[in-house]
Amino acid sequence: QVQLVESGGGLVQAGGSLRLFCKASGSIVSIAAMGWYRQAPGKQRELVAAVFSGGRANYADSVKGRFTISRDNAKNTVYLQMDSLKSEDTAVYYCYANLVRRGTPRSDDYWGQGTQVTVSS
């Protein structure tokens, strides 16, 4: 059993900041990547940022220079620091992890329940 638990969403004014947290727990052997997707009403889910086990990070063009993803491997936790927020960042943010669960031969994707981020203009 693997769980991803997110926290840190909320309501903020445009130009403000929020920090999202996501912790993976359970029978985890290794985590190849952790990151965040988001889905706004009426839109498809899109990748926001991901960080890989070696430390390399990818960002969506729309958040480069404003968002920073980081990871604590010892705690199986990923963070998303969101600065200079815009109204178009409003969405439900989902944490994901590509990991190997104990007793399985390959990695799979796991998802958190989502946390709402609302940016008021």
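It should be noted that the structure appears before, not after, this text.
Residues numbered from 1 in each chain as written. Predicted model: local features only at pLDDT ≥ 70, side-chain atom pairs only at ≥ 80, totals over all residues. Heavy atoms only, no water.

A. Representation of the side chain of Arg 66 in the model. Turning to its location among the elements, Arg 66 is positioned in the loop between strand E6 (57–59) and strand E7 (67–72). With relative accessibility at 11%, the residue Arg 66 sits in the buried group. The contacts of Arg 66, once residues within four sequence positions are left out, are Gln 81, Met 82, Asp 83, Ser 84, Leu 85, Lys 86 and Asp 89. (Helix = DSSP H or I, 4+ residues; strand = E, 2+ residues; numbered from the N terminus. Buried < 20%, exposed > 50% of the residue type's maximum accessible area, 1.4 Å probe, protein only. Contact = heavy atoms within 4.5 Å.)

B. Structural context of the pattern of salt bridges. With the rule as written, the count across this model stands at five salt bridges. Of the charged contacts, one joins Arg 38 and Glu 46 as a salt bridge, the two residues approaching to 2.7 Å between their closest N and O atoms. Residue Arg 38 is classed as buried on the basis of its relative accessible area of 6%. By relative accessible area, which is 35% here, Glu 46 ends up partly exposed. Residues participating in the shared-partner salt-bridge network are Arg 38, Glu 46, Arg 66 and Asp 89. (Salt bridge = Lys/Arg side-chain N within 4 Å of Asp/Glu carboxyl O.)

C. Geometry of the nonpolar core. Ranked by size, the top nonpolar core spans 31 residues in total, and within it Trp 36, Leu 80, Met 82 and Tyr 93 carry the most contacts. Elements that contribute at least two residues to this core include exactly strand E1 (2–7), strand E3 (18–26), strand E4 (28–39), strand E5 (46–52), E7, strand E8 (77–82), strand E9 (91–101) and strand E11 (115–120). At five residues, the largest contribution of residues to this core is made by E9. (Core = buried A, V, L, I, M, F, W, Y, C linked by side-chain atoms within 4.5 Å.)

D. Structural view of the state of the cysteines. Summed over all chains, the structure comprises one disulfide. The partner cysteine of Cys 22 in its disulfide is Cys 95, sulfur to sulfur 2.0 Å. Disulfide Cys 22-Cys 95: torsion about the S-S bond near -80 degrees, hence left-handed. Within this pair, whereas Cys 22 is found in strand E3, its partner Cys 95 is found in strand E9, the two being separated by 73 residues in sequence. (Disulfide = S-S within 2.5 Å.)

These values are about where atoms sit, not about what they do.
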